[in-house]
Amino acid sequence: MRFCKYSGAGNVFVVMDGRGEQVQKFRNKGTVTLLCDEFSAEGLIILTESREADFRMEFFNPDGTTGMMCGNGGRCIAAFASSLGIRPSGGDGIYIFEAPDGMHEAHILSSDGATDLIRLSMSDIEGVRYFEELEEAPVDGWLLDTGAPHFVVFDENVREINVNAAGKVIRSCKEFAPGGVNVDFVSEGDGIISVRTFERGVEAETAACGTGVVACAAAAYSNGIAPSGRDGDELYYEVETPGSRLEVRFVPEGKRFTRVSLTGPATFVTCI
C-alpha cells in the first residue's frame, strides 16, 4: 500500500488510494493513530470508489474519530485524484465527490506542479446560534455546522491567545456534549479576518482548518463584520491562518448560507 502526504494550507494529511484494496484495517483507530504519528499528520484520508460520483472521501482524525467533512482535506483529495489520473466528470474539469456531509465539487483553478489552487464547494450552512456565555467558560460566540461543528469566538488579537489552553476548555463544554466541538478564534483588520483553530480529534491547534475557516466567515457576517468584497450576489472573506491565506464565498439568506465555497492551496509533499 502506497501512502502520500499532502498539505492543505499547512493542514497535513496522509492520503491513500483505497480503490480495489482491502482498506478495512486502515479504518482501525490504532492504525489511524500510528499512520498520523509516523507522517506527523493531522488526519488520514482514504479515496474509495463511489457509485454516484468520481470517488468517495473518507476522513479520520488522528484519534480515529470519523464521520465529518474536512475542507482542507477535500482540496488535497482532489489533487490526489488528479495525480492518480482519475478523470473529472463535472464540466470544466470539476471533480464531483462524495463525503460524509454530502456531495462536493472541486475545481482545480491552477497548478504549478507540486501545488494546486482549488475551489471546493461546501455544504450549505443551515443555521447560526449565538451563546452569550458558556456555563463552563466566560466567553461568548457563535455555534454552526459546516460539515463539522464549530464554536467561533471573536477576540481583538488572536495572536496573543493560548489556543491550546483555551480551546481545550471550550471544546468539552456541556453545551457541546457529547461529541464536543472545534473552537475557532477570530480577529478582524485590514479587510481580512485572522483565524486560529483548536481541532477536536487532533486535540491541539492546527495550522489551518477548512471547515473552521468557513465557519469563521459565516460567523463574521453574522457578527456584523463587513466582507472583503462582493462578486455579484456572492460575498467573500479573505481569511488568514497560520498556514496560508484562504477565501470563503457564500450567499447569505438570513441565518442560512448557500453557494458556499472554500478556495486555497493543496500541496503534494511526498509518497512512501
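Residues numbered from 1 in each chain as written. Predicted model: local features only at pLDDT ≥ 70, side-chain atom pairs only at ≥ 80, totals over all residues. Heavy atoms only, no water.

**A word on the overall build of the protein**
We apply this condition: Runs of H or I in DSSP of at least four residues are treated as helices and runs of E of at least two as strands, each being numbered from the N terminus. Both definitions apply: the radius of gyration is a C-alpha atom measure, and the globule rule equals 2.2 Å times residues to the power 0.38. The rule is simple: take the accessible area with a 1.4 Å probe, protein chains only, and divide by the maximum for that residue type; under 20% is buried, over 50% is exposed, in between is partly exposed. Only the protein chains shown count as cover for residues, and all accessible areas are computed by the Shrake-Rupley method using a 1.4 Å probe. We treat Lys and Arg as the positive residues and Asp and Glu as the negative residues; His and chain ends play no part in the count. Where a charge lies is defined by one atom per residue type: Lys uses NZ, Arg uses CZ, Asp uses CG and Glu uses CD.
Scanning the protein for helices and strands turns up 4 helices and 17 strands. In terms of overall size, the protein behaves like a compact globule, its C-alpha atoms giving a radius of gyration of 18 Å where 272 residues would be expected to give roughly 19 Å. Residue burial in the protein is summarised as follows: out of 272 residues, 55% are buried. Roughly 11,900 Å² of accessible area belongs to the protein as shown, and the carbon and sulfur atoms make up 45% of that amount. Across the protein, 24 positive and 41 negative side-chain charges occur, with their mean positions spaced 4 Å apart.

**Brief notes about the layout of surface pockets**
Let me state the cut-off plainly: Buried and open spaces are told apart on a 1 Å grid over the protein atoms alone, a cavity being a set of points where a 1.4 Å probe fits but cannot get out and a pocket being an open set with protein on both sides within 12 Å along at least five of seven lines. Residues with an atom within 4 Å of a point are the lining residues. Grid points are joined across faces, edges and corners, and a volume is the space filled by probe spheres set on the points. Amino acid classes used here: Ala, Val, Leu, Ile, Met, Phe, Trp, Tyr, Cys and Pro are nonpolar; Asp, Glu, Lys and Arg are charged; the rest, including Gly, are polar.
Of the voids in this model, the largest pocket is the one considered here, and its volume is about 310 Å³. Lining the largest pocket are 15 residues, and of these Val158, Arg159, Ser187, Ser194 and Glu240 lie nearest its centre. Elements that contribute at least two residues to the lining of the largest pocket include exactly strand E11 (182–189) and strand E12 (192–199). Among the elements that line the lining of the largest pocket, the one with the most residues is E12, at 4 residues. Here the lining of the largest pocket is composed, by residue class, of 4 nonpolar, 5 polar and 6 charged.

**Comments concerning empty space enclosed by the protein**
Across all of its chains, the model carries 1 cavity of 30 Å³ or more by this definition. Approximately 120 Å³ is the volume found for the largest cavity. Contributing to the lining of the largest cavity are 18 residues, with Phe59, Asn61, Met69, Glu199 and Thr211 lying nearest its centre. Elements represented by at least two residues in the lining of the largest cavity include exactly strand E2 (11–17), helix H2 (71–83) and helix H4 (210–222). A per-class count over the lining of the largest cavity returns 7 nonpolar, 8 polar and 3 charged.

**Re unusual backbone geometry**
The omega torsion of the bond from Ala177 to Pro178 falls at 5 degrees, within 30 degrees of zero and hence cis. Summarising the element assignment, Pro178 is placed in the loop between helix H3 (163–171) and E11. At Asp92, a position not held by glycine, the phi torsion is positive, near 70 degrees. The topology assignment puts Asp92 in the loop between H2 and strand E5 (94–99). If you check the backbone angles, Glu203 has positive phi at about 60 degrees while not being a glycine. Here Glu203 falls in the partly exposed class, since its relative accessible area comes to 36%.

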